[in-house]
Amino acid sequence: VWDAIWADSDVTIDGPVADQASLRFCLYHNRIATPAHTDHLPIGARGLSCQAYQGAAFWDQEVYNLPVFLYTQPEIARRLLVYRQRTIDGACRKAARHGYEGAFYAWISGDTGDELCPDVFFRDVLTGREIRNHFNLWQIHISPDIVTTIDQYVRVTGDTAFMADHGAEVAFEVARFLRSRVLLDERHGVYRCIRLLGPDEWHENVDDNAFTNYQVQAALDVAVRSHRWMSENAPDALEALSRRLHLAPDEVAAWARVRDHMYLPEPDPQTGLIEQFTGFFDLEDVSPDELRGRLLNPQEYWGWPNGVAVRTQVSKQADVPVLTWAHRHRFDDDVVAANYRYYVPRCAHGSTLSHPPFGFAAIRAGDLDAALAHFRATATVDLLTTAHAVVGGTFIGGIHTAACGGAYQFAVIGFGGLDVADNGTLTIDPALPAEWSSISYPVTFRGRHLRVTATHDDVDVALVDGDPIDVTIRGERRPARS
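Residues numbered from 1 in each chain as written. Predicted model: local features only at pLDDT ≥ 70, side-chain atom pairs only at ≥ 80, totals over all residues. Heavy atoms only, no water.

Before going further, it helps to examine the nonpolar core. With 155 residues, the main nonpolar core has Trp-59, Tyr-71, Phe-172 and Phe-375 as its most contacted residues. When residues in this core are grouped by element, the largest group, 11 residues, is from helix α9 (residues 160-181). (Core = buried A, V, L, I, M, F, W, Y, C linked by side-chain atoms within 4.5 Å. Buried < 20%, exposed > 50% of the residue type's maximum accessible area, 1.4 Å probe, protein only. Helix = DSSP H or I, 4+ residues; strand = E, 2+ residues; numbered from the N terminus.)

In structure tokens form, the structure reads like this:
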């Protein structure tokens, strides 16, 4: 069994043995933490070895863990997305409980999809008083994260039947939620997302978090496109789904209206910078090291409502870099590089989710040495036990499965240059660090099995089995070698 798993997923690095070993460690743990046999269980954010998270899923599942299987064992990626459709009733219960329509997916999701995240996660170590964090209420990006991952799955696999059978229901119900959650700014003629908590969990109660707003627009676009595709290709399935969801005739037009008028924080024309949220650049500009010196107790929680980071530009983890990673086709290299250089010295990397997005940005910025450092920080977080097990007085241990998934994406999608263009073409554009002579990895793409081998000077894409296919290699489209 393991021979078959490694044949589908192993990545071979000709470079320092520690890089190879740590990547295989990550591949192993991402795989054993995944309920690959079923479609009704999630990937635990800390595997099965953390008392705090208890095997439940976060946004980590779609953004960090699942992409490992998209290009290796897509049937597992499919089951994980079916899990989200199976638990949509819990997401709808959460939305209704908070006065919204549609599906508001749980920040911490178990076997029913109901919200498992408590209102109180931490205690103030100075006073002993409870800290009310709004992870379960203001981190709304979990719902569009799921929808955009469904869209990514269909683009990579060509499994359009999944959209008709499962994905469209999720996309439509999430679109309903997002339409009820956004706020119309009549003065400027745009829709906004207010009272948010983006990927940077230290800054709560903010408006127009850039990552969230872009994800909201993207998810609404998926819903509108899916409805159009089903009307043309699966009209009977659409009619049945519309009846079951009581889909009103004007709802899709309303989703398109919000999509087309969503406020998206654009890069500054002079600096290229994207503001993390409204007012972020007005906060105190200070380094994480200086902030650390302001602590009264080393176990203090740095975040909202009164932590030392709240009124500063110090972030817990990557935020804008997650945006430029997830929407990499929307931003050119100069914008990605400018935001990398601005945000990296202001980030405390208080989460293992942080280094992969910064590493991708470093690759786009052409700083491959920095990217390799981010890769090693990602891949060795558990091997070297570099993460804190106690945060704000709360024990949070276990294997960091998102970092495990992030290490694969870092190696294959980042350094290995694997991607799917907007037109559906498989593209390979590697950028190897100086310490790596080559990288080789398997790819499953729309029923074909390929083997990519890249050096600093050459890229070979071999068709192992399946129908012939053209691949774009460093900008040149050519057939995979038979």
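With that out of the way, let us pick up the pairing of strand β17 (residues 476-479). Pairing of strand β16 (residues 470-473) with β17, which is carried by 4 bridges, proceeds in the antiparallel orientation. Looking across to β17, one finds that Thr-472 is bridged to Arg-477. As consecutive antiparallel partners, β16 and β17 are separated by 2 residues, and within that stretch Arg-474 has a phi angle of approximately 50°, a positive value. (Pairing = 2+ DSSP bridges.)

What follows deals with the packing of helix α5 (residues 74-86) against α9. Contact geometry for α5 and α9: axes closest at 8 Å, N-to-C directions at 40°. Of the possible angle classes, the one that applies to α5 and α9 is oblique. The way α5 lies across α9 gives a crossing that is left-handed. Two secondary-structure elements touch here, α5 through Arg-78, Leu-81, Val-82, Arg-84 and Gln-85 and α9 through Ala-161, Phe-162, Asp-165, His-166, Glu-169 and Val-170. (Axes fitted to C-alpha atoms, helices over the stretch in contact; angles between N-to-C directions. Parallel < 35°, antiparallel > 145°, perpendicular 65-115°, else oblique. Left-handed = near helix turned anticlockwise from the far one by under 90°. Contact = heavy atoms within 4.5 Å.)

Structurally, the position occupied by Ser-440 is in strand β13 (residues 438-445). On the basis of relative accessible area, Ser-440 is assigned to the buried category, the value being 14%. Within the structure, the side chain of Ser-440 is placed 3.1 Å from the side chain of Thr-453, a separation counted as a polar contact. The contact partners of Ser-440, leaving out residues within four places of it in the chain, are Asp-10, Val-11, Thr-12, Arg-451, Val-452 and Thr-453. (Polar contact = N/O pair within 3.5 Å; in protein donor to acceptor, adjacent residues only side chain to side chain.)

One open sheet accounts for 4 strands, arranged β1-β13-β14-β15; its pairing is antiparallel. The two strands at the open ends of the sheet, each matched to only one other strand, are β1 (12-14) and β15 (459-465). This sheet shows a mean twist of 20° between the axes of neighbouring strands, independent of strand direction. With 6 bridges joining them, strand β14 (residues 448-455) and β15 adopt antiparallel strand pairing. Of the residues in β15, the one forming a bridge with Arg-451 is Ala-462.

We now examine the pattern of salt bridges. For side chains bearing opposite charge, pairing can occur when the charged atoms are close. Here the structure, examined in full by the defined rule, presents 30 salt bridges. In this structure, Asp-260 engages Arg-259 in a salt bridge whose closest nitrogen and oxygen atoms are separated by 2.8 Å. Across the pair Arg-294 and Glu-284 runs a salt bridge, and its minimum N-O distance is 2.8 Å. Linking Arg-294 in the loop between α13 (288-292) and α14 (320-326) with Glu-284 in the loop between α12 (251-260) and α13, this pair joins segments that are 10 residues apart in sequence. Arg-294 sits in the partly exposed class, given a relative accessible area of 35%. (Salt bridge = Lys/Arg side-chain N within 4 Å of Asp/Glu carboxyl O.)

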